[in-house]
Amino acid sequence: MILNLKSVFLEENSKKDFECSLSMSDIDIGGVFPFVSPVMVKGEAVNKAGLVDIYFDVTFTYNRPCDRCYKEVSRVLNYQFSHRLVVSLEGDDNDDYIETPDFTLDVDELIRSDIILNLPVKYLCNEDCRGICPKCGKDLNEGDCNCSDKEIDPRLEALKELLK
């Protein structure tokens, strides 16, 4: 969605509300397409004292396997974002502002990048997930397995001989 913000930039204390939905189902994250519902967006662009800020909330269902036990986990995630908008920038190295030289903003692209940058790096079914046994593959959240945890890493076997 292209948002025309000319009236907001030119009139102090003005505001423009917007709502949209955005499909991100084509985005692959680690071999998984986790966006199972459209991203619902509700926001506003506000001119306060000549400075234009854009605020928006996003809500979506995120479905991905747990990074430890591989069970499918579906959660409704909600994020809030804000950015300062300017008509033109002086210099190239200013990441604090978004340039809108023709008073328009591609909201879809901004939303996509904000969401992807804020997704959890480690996605777990719960904080104390025990994962799976590296030997037999049993889900340790369902109970212990019969594998021996007394085995020594073969690379350290020579050190064991020194202790005898």
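What you see is a predicted model; the values in this text were computed from it and never measured.

Asks: Honestly, the overall build of the protein chain in this entry has me stumped. Any pointers?
Replies: Across its full length, the protein chain carries 3 helices and 7 strands. Reading the protein chain from its N end, one meets helices and strands in the order β-α-β-β-β-β-β-β-α-α. Once the C-alpha set of the protein chain is aligned to its principal axes, its extents read approximately 80 × 35 × 25 Å. Counting across all 164 residues of the protein chain, residues that qualify as buried make up 32%. Long-range contacts, defined as pairs at least 24 residues apart, comprise 54% of the intrachain contacts of the protein chain with a sequence gap of at least 6. Surface accessibility of the protein chain: about 10800 Å² in total, with carbon and sulfur atoms responsible for 49%.

Asks: Before we go on, may I ask you to explain the packing of aromatic side chains in this structure?
Replies: The description of an aromatic ring pair rests on the distance of the ring centres and on the angle between the ring planes. Under the criterion given, the structure shown has 8 aromatic pairs. Taking 6.3 Å as the distance between ring centres and 80° as the angle between the ring planes, the aromatic pair formed by F60 and Y62 counts as edge-to-face. On the basis of relative accessibility, which here comes to 1%, the residue F60 falls in the buried class. One aromatic cluster is present, built from ring pairs that chain together F35, F56, F60, Y62, Y79, F81 and Y123. Cation over ring: R75 sits above Y123, and NZ or CZ is 5.2 Å from the ring centre.

Asks: Which parts of the structure should I look at to understand the side chain of R64?
Replies: Tracing the backbone shows R64 in strand β4 (residues 51-65). A polar atom in the side chain of R64 sits 3.3 Å from the side chain of D67. Once residues within four sequence positions are removed from consideration, R64 is found in contact with I29, V32, P34, K71, E72, V73, P120 and Y123.

Asks: I'm lost on the nonpolar core in this one. Help?
Replies: Inside soluble globular proteins, nonpolar side chains tend to come together where they are buried. Judged by nonpolar contacts, the single largest core of 37 residues is most densely connected at V39, F56, V58, F60, I111 and I115. Elements supplying a minimum of two residues to this core: α1 (6-10), β2 (15-22), β3 (39-48), β4, β5 (72-86) and α2 (107-118). Sorting elements by how many residues they give to this core places β4 first, with 6 residues.

Asks: Can you help me understand unusual backbone geometry in this one?
Replies: Glycine aside, residues mostly have negative phi, and peptide bonds are mostly found in the trans state. We note that N13 has phi near 65°; this positive angle belongs to a residue other than glycine. For N13, a relative accessible area of 62% puts it in the exposed group. Even without being glycine, Y70 reaches a positive phi, approximately 70°. Within the secondary structure layout, Y70 lies in the loop between β4 and β5. Residue Y70 is classed as exposed on the basis of its relative accessible area, which comes to 55%.

Asks: Where do I start with the pattern of salt bridges in this structure?
Replies: Working definition: two side chains of opposite charge can pair if their charged atoms are close together. Scanning the model with the defined rule gives 6 salt bridges in all. The salt bridge partner of D26 is R112, with a shortest N-O separation of 3.8 Å. In this pair, D26 sits in the loop between β2 and β3 while R112 sits in helix α2, placing the two residues 86 residues apart along the sequence. In this structure, the salt-bridge partner of K71 is D139, at a minimum N-O distance of 3.3 Å. In this pair, K71 is assigned in the loop between β4 and β5 and D139 in the loop between α2 and α3 (157-162), connecting sequence segments 68 residues apart.

Criteria and thresholds
- Residues numbered from 1 in each chain as written.
- Predicted model: local features only at pLDDT ≥ 70, side-chain atom pairs only at ≥ 80, totals over all residues.
- Heavy atoms only, no water.
- Helix = DSSP H or I, 4+ residues; strand = E, 2+ residues; numbered from the N terminus.
- Buried < 20%, exposed > 50% of the residue type's maximum accessible area, 1.4 Å probe, protein only.
- Contact = heavy atoms within 4.5 Å.
- Areas by Shrake-Rupley, 256 points an atom, 1.4 Å probe, with all protein chains shown as cover.
- Phe/Tyr/Trp six-rings, centres within 6.5 Å; stacked < 30°, edge-to-face > 60°.
- Lys NZ or Arg CZ within 6 Å of the ring centre and 35° of its normal.
- Polar contact = N/O pair within 3.5 Å; in protein donor to acceptor, adjacent residues only side chain to side chain.
- Core = buried A, V, L, I, M, F, W, Y, C linked by side-chain atoms within 4.5 Å.
- Salt bridge = Lys/Arg side-chain N within 4 Å of Asp/Glu carboxyl O.

Honestly, that's just the spatial picture; any functional story needs more than this.
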